[in-house]
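Spelled out, the chains give:
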Amino acid sequence: MPGRKMPATLRFMLAARRSELLGLEDLARTCELVTRISQLVHALQKERGYSNIYLGGNAAHQRQQLDRLTLEAQALEREVRQDLERIDLEAVGSADRTRLFTRIAYALHSLDELPALRRRIREHAIGMQDATATLVRLIGGLLAVVFEAADTAADPDITRCLVALFNFMQGKELAGQERALGVAGFASGYFRDDMLERLEQLLEGQQRCFATFERFASPAAQALWLALRGSDIDAQACRLRDVARRTREDAGVDPQLGELWFELHTRRIDAMKEVETRLEQDLLQCCRQSIERIRSDLHSHRRLLDGIADMHAAAEQAKLFSVQASDLDAPPQDGMTAMVTRSILELLQTQTLRLQGLHEELQEARQALEERRLVERAKQQLMRQQGFTESEAYAWLRQAAMNQGLRLEEVAQRLLALDSAQPGSPAPRRPRSKH
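Computed from a prediction, not measured in an experiment: that's the story for all the values here.

### Examining the overall build of the protein chain
In step 1: Broken down by element type, the protein chain carries 13 helices and 0 strands.
In step 2: Per-residue burial over the protein chain gives 45% buried out of 435 residues.
In step 3: Sequence separation of 24 or more characterises 80% of the internal contacts of the protein chain that already satisfy a separation of 6 or more.

### Overview of the UniProt feature "coiled-coil region" (unreviewed entry) in the protein chain
In step 1: Under the feature "coiled-coil region" (unreviewed entry), the UniProt entry names residues 59–86 and 348–385.
In step 2: Secondary structure content for residues 59–86 is 93% helix and 0% strand, and the end C-alpha separation is 41 Å.

### Some words on the packing of helix α1 (residues 8–56) against helix α6 (residues 156–188)
In step 1: Contact geometry of α1 with α6 gives a least axis separation of 9 Å together with a crossing angle of 10°. Our classification of the angle between α1 and α6 gives roughly parallel.
In step 2: By residue class, the composition of the contact of α1 with α6 is 12 nonpolar, 7 polar and 5 charged.

### Side note on helix α3 (residues 98–112)
In step 1: When the terminal C-alpha atoms of α3 are compared, their 21 Å separation across 15 residues agrees well with the 21 Å that a helix rising 1.5 Å per residue should span.
In step 2: In this structure, the buried side of α3 is in contact with α1, α2 (60–85), α4 (114–122) and α5 (128–152).

### Here we look at the pattern of salt bridges
In step 1: Under the defined criterion, the tally for this structure stands at 38 salt bridges.
In step 2: Residue Glu173 pairs with Arg48 through a salt bridge whose shortest N-O separation is 2.8 Å. With Glu173 in helix α6 and Arg48 in helix α1, the pair connects residues that are 125 residues apart, well separated along the chain.
In step 3: By relative accessible area, which is 1% here, Glu173 ends up buried.
In step 4: For Arg48, a relative accessible area of 0% translates into the label buried.
In step 5: With a shortest N-O distance of 2.3 Å, Asp151 and Arg373 are connected by a salt bridge. With Asp151 in helix α5 and Arg373 in helix α11 (residues 334–386), this residue pair connects regions lying 222 residues apart in the sequence. Here Asp151 matches Arg373 in class, with each residue buried.
In step 6: One network of salt bridges, in which partners are shared, links Arg99, Arg103, Glu148, Asp151, Glu370 and Arg373.

### Brief notes about the packing of aromatic side chains
In step 1: By the definition in use, this model includes 10 aromatic pairs.
In step 2: Judged by centre distance (5.0 Å) and plane angle (85°), the ring pair of Phe186 and Phe191 falls under edge-to-face. Note on accessibility: Phe186 and Phe191 belong to one class, buried.
In step 3: Ring geometry for Phe186 versus Trp261: centroids 5.6 Å apart, planes at 55°, classification tilted. Note that Phe186 is positioned in helix α6 and Trp261 in helix α10 (residues 257–324), a separation of 75 residues in sequence. Each member of the pair, Phe186 together with Trp261, is buried.
In step 4: Taken together through their ring pairs, the aromatic side chains of Phe168, Phe210, Phe213 and Trp225 make up a single cluster.

### Thoughts on the packing of α3 against α5
In step 1: Between α3 and α5, whose axes approach to 9 Å, the crossing angle comes to 165°. With respect to α5, the element α3 is oriented roughly antiparallel. As for the relative orientation of α3 and α5, their crossing is left-handed in sense. Between α3, through Arg99, Leu100, Arg103, Ile104, Tyr106, Ala107, Ser110 and Leu111, and α5, the contact on the second element is made entirely by Leu138, Gly141, Leu142, Ala144, Val145, Glu148, Ala149 and Asp151.

### Points about the environment of Asp193
In step 1: Note that Asp193 resides in helix α7 (residues 193–216).
In step 2: The spacing of Asp193 and Arg245 is 52 residues in sequence and 9.2 Å in space, taken between C-alpha atoms.

### Examining the confidence of the model for the protein chain
In step 1: Across the protein chain, the average pLDDT comes to 82, with 80% of residues at or above 70.
In step 2: Scored below 50 in pLDDT, residues 323–336 makes 10 contacts in the model with residues more than four places away or belonging to other chains.

Procedures and definitions
Residues numbered from 1 in each chain as written. Predicted model: local features only at pLDDT ≥ 70, side-chain atom pairs only at ≥ 80, totals over all residues. Heavy atoms only, no water. Helix = DSSP H or I, 4+ residues; strand = E, 2+ residues; numbered from the N terminus. Buried < 20%, exposed > 50% of the residue type's maximum accessible area, 1.4 Å probe, protein only. Contact = heavy atoms within 4.5 Å. UniProt positions renumbered as here; feature names shortened; annotations may be inferred. Axes fitted to C-alpha atoms, helices over the stretch in contact; angles between N-to-C directions. Parallel < 35°, antiparallel > 145°, perpendicular 65-115°, else oblique. Nonpolar A, V, L, I, M, F, W, Y, C, P; charged D, E, K, R; others polar. Expected span 1.5 Å × (residues − 1). Salt bridge = Lys/Arg side-chain N within 4 Å of Asp/Glu carboxyl O. Phe/Tyr/Trp six-rings, centres within 6.5 Å; stacked < 30°, edge-to-face > 60°. Left-handed = near helix turned anticlockwise from the far one by under 90°. pLDDT = per-residue confidence, 0-100.

Next up, the structure:
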């Protein structure tokens with residue numbers, strides 16, 4: 001009916017669906033950024049690993065290879081920065097993006113410091129441990145952006161894809177740290193006790209991340225992961241870890257094993273990248289499908305609301321007619337009014353049930369993110385209050401979980417609750433070194 005005005009109830013219902021679509025389109029753009037970050041992280045992991053090879057030697061071919069890896073990472077960094085430039089910061093009004101944008105700012109600050117670090121590496125003005133630690137922080141900052149993207153997503157299917165991708169990226173990052181640690185250990189000729197302890201922590205961390213990934217990943221991604229776990233590459237990596245565990249100061253091994261370790265673990269991580277690429281594809285496909293679905297729903301919703309609005313207009317005309325005519329001539333209006341009211345109520349109930357279902361589906365995926373947040377908060381608390389390193393804080397939580405027969409997340413939650421209730425509670429003891 002041309003020129004007719006839709007009732008306020010229906011206008012707000014239509015606005016709610018439009019808002020949902022706009023939020024989903026914005027989330028899709030964030031997911032595209034996430035896939036770019038995933039590719040950049042992979043390049044930085046390779047550069048970090050080979051930086052240790054270069055710092056352990058100084059051959060011309062090592063410098064050439066390192067330069068090639070740096071160029072690859074720089075190209076991907078430019079793409080990430082271009083994606084960030086396209087974000088209209090003036091149009092942003094969602095409080096949910098506060099943490100996400102803070103994480104992006106931190107990651108950009110770390111990227112700005114990367115050229116100076118690269119110069120120091122090429123000049124051999126920094127040691128393996130410090131170079132690795134700096135790049136671990138940088139990559140950790142990029143992963144935090146992915147984490148916040150997952151935590152702010154409101155679509156359950158997309159959230160599951162993001163949770164799977166984040167946990168797989170985190171597991172692959174721990175595998176990259178394992179690669180860097182192994183290069184340093186073999187370059188020394190043996191692995192100190194603290195290095196072996198760190199190796200076990202990295203392996204356990206990978207297992208936890210990949211277990212969460214398996215809960216939320218698509219069957220296609222899980223199939224790729226299963227094939228990798230049963231591959232010869234994985235078996236060789238296990239055998240070389242055993243070699244590392246058997247090294248001693250008085251029974252060192254050939255430092256050239258460091259290059260073998262790097263090559264083998266690079267092949268393993270490259271195979272992981274195939275799984276990660278599948279997860280990226282799943283994420284973008286899920287975004288497209290969700291947007292298509294909501295657009296279709298919005299079209300159907302608009303047609304339905306138009307129909308109800310026409311019924312409402314007919315009821316209003318009946319009221320006007322009843323005022324102008326006699327009571328005997330007036331058409332019955334209660335039936336039409338009741339029909340409009342019932343249709344609006346049914347639509348509201350359907351919308352409410354749908355939103356409730358979405359909320360419940362989101363809770364499962366977000367629970368995995370919340371558990372990780374608890375562990376990170378507990379680690380930061382131990383580092384801040386007791387002066388632990390991150391590795392020591394994780395070791396303390398891990399040992400406490402083993403002693404109490406609890407999951408790591410449960411120990412973290414109890415520690416945070418205890419500190420909140422009793423600020424002066426006894427300080428945990430520093431983890432004992434094995435050497």
